[in-house]
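Examination of the molecular architecture
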Amino acid sequence: DAGVTQSPTHLIKTRGQQVTLRCSPKSGHDTVSWYQQALGQGPQFIFQYYEEEERQRGNFPDRFSGHQFPNYSSELNVNALLLGDSALYLCASSFRDGGNSPLHFGNGTRLTVT
Amino acid sequence: QKEVEQDPGPLSVPEGAIVSLNCTYSNSAFQYFMWYRQYSRKGPELLMYTYSSGNKEDGRFTAQVDKSSKYISLFIRDSQPSDSATYLCAMSESGGYQKVTFGIGTKLQVIP
């Protein structure tokens, strides 16, 4: 049973560029959430997708956008990259059964912005 | 004040010791409480998942939730060097679409 998979594992971009990160949820899960984890910090909620729509959003600017596909996989897009966007980006999946399903995380994409 | 407070450590204990990790929170709407373990360069791994107040045991791990005090704990018995990792507490409100709020994480080192 495959868990949450993310690609790529590492990425180096330059300020002002755009980046797309990808996530495949755990088998049987239909909800995908994205989190940003800066060095030495806990994960911070970016947004959550269910039925191909953004359902909830954290305190992140519009430069952060996403998409969910019919097969439940998801993408996170970040435009106009800033140095402060350097972080580990974590995808988590769950099954939307009234909000009781815990999150299962992938190993993340480490983004470095230079 | 942060919604979830957690001592970042580091916490260093000898092998076989009982480890106590804890978090406090300010949002009384939190009803689901989790502990995740995160090894270096890996994603968080779910250890314990509890609802409302009470205790839950799973092998060497025990999670406690005291909603009246807004305080949660994780105990690790007979700690092993393989338990060396960062432990993240996390919590969410009931129902609906689930935003999870994390603590900063406590770095634990178990010395052989």
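Residues numbered from 1 in each chain as written. Chains lettered and ligands numbered in written order. Predicted model: local features only at pLDDT ≥ 70, side-chain atom pairs only at ≥ 80, totals over all residues. Heavy atoms only, no water.

1. Some thoughts on the overall build of chain A
- On a plain count of helices and strands, chain A comes out with 0 helices and 11 strands.
- Taken from the N to the C terminus, the helices and strands of chain A come in the order β-β-β-β-β-β-β-β-β-β-β.
- For 114 residues, the compact-globule formula gives about 13 Å, and the C-alpha radius of gyration of chain A, at 13 Å, lands near that figure.
- Across the 114 residues that make up chain A, the buried fraction comes to 48%.
- When the accessible surface of chain A is split by element, carbon and sulfur atoms take 47% of a total near 5,300 Å².
- Here chain A contributes 9 positive and 10 negative side-chain charges, whose respective centroids are spaced 10 Å apart. (Helix = DSSP H or I, 4+ residues; strand = E, 2+ residues; numbered from the N terminus. Rg over C-alpha atoms; globule rule 2.2 N^0.38 Å. Buried < 20%, exposed > 50% of the residue type's maximum accessible area, 1.4 Å probe, protein only. Areas by Shrake-Rupley, 256 points an atom, 1.4 Å probe, with all protein chains shown as cover. Lys, Arg positive; Asp, Glu negative; His and termini not counted. Charge placed at Lys NZ, Arg CZ, Asp CG, Glu CD.)

2. Description of the interface of chain B and chain A
- Facing the 20 residues of chain B at the interface are 25 residues of chain A.
- Between chain B and chain A lies a buried interface of about 2,000 Å² when both sides are counted; carbon and sulfur atoms form 50% of it.
- In this structure, the connection of chain B to chain A is made through 0 salt bridges.
- Between chain B and chain A we count 4 residue pairs in polar contact (both at pLDDT 80 or more) in total.
- Elements that contribute at least two residues to the side of chain B that touches chain A include exactly strand E4 (30–38) and strand E5 (45–51) of chain B.
- Looking at the side of chain B that touches chain A element by element, the count peaks at 3 residues for E4(B). (Contact = heavy atoms within 4.5 Å. Buried area = accessible area lost by both parts, 1.4 Å probe. Salt bridge = Lys/Arg side-chain N within 4 Å of Asp/Glu carboxyl O. Polar contact = N/O pair within 3.5 Å; in protein donor to acceptor, adjacent residues only side chain to side chain.)

3. Details of unusual backbone geometry
- Residue A:Ser7 is joined to A:Pro8 through a cis peptide bond whose omega torsion reads -10°.
- Along the chain, A:Pro8 falls in the loop between strand E1 (5–7) and strand E2 (10–13).
- With omega at 10°, the peptide bond leading from B:Gly9 into B:Pro10 counts as cis.
- Here B:Pro10 lies in the loop between strand E1 (4–6) and strand E2 (11–14).
- Positive phi, normally seen in glycine, also occurs at A:Ala80, with a value near 45°.
- Within the secondary structure layout, A:Ala80 lies in the loop between strand E8 (74–78) and strand E9 (87–94).

4. What to know about the pattern of salt bridges
- Scanning all chains against the criterion turns up 8 salt bridges over all chains.
- A:Glu75 is paired through a salt bridge with A:Arg22; the nearest N and O atoms lie 3.4 Å apart. Remark: A:Arg22 occurs in strand E3 (residues 19–24) and A:Glu75 occurs in strand E8; sequence separation between them is 53 residues.
- With a shortest N-O distance of 3.4 Å, B:Glu57 and B:Arg77 are connected by a salt bridge. With B:Glu57 in strand E6 (residues 54–58) and B:Arg77 in the loop between strand E8 (71–76) and strand E9 (85–93), this residue pair connects regions lying 20 residues apart in the sequence.
- Residue class for B:Arg77 comes out partly exposed when judged on its relative accessible area of 29%.

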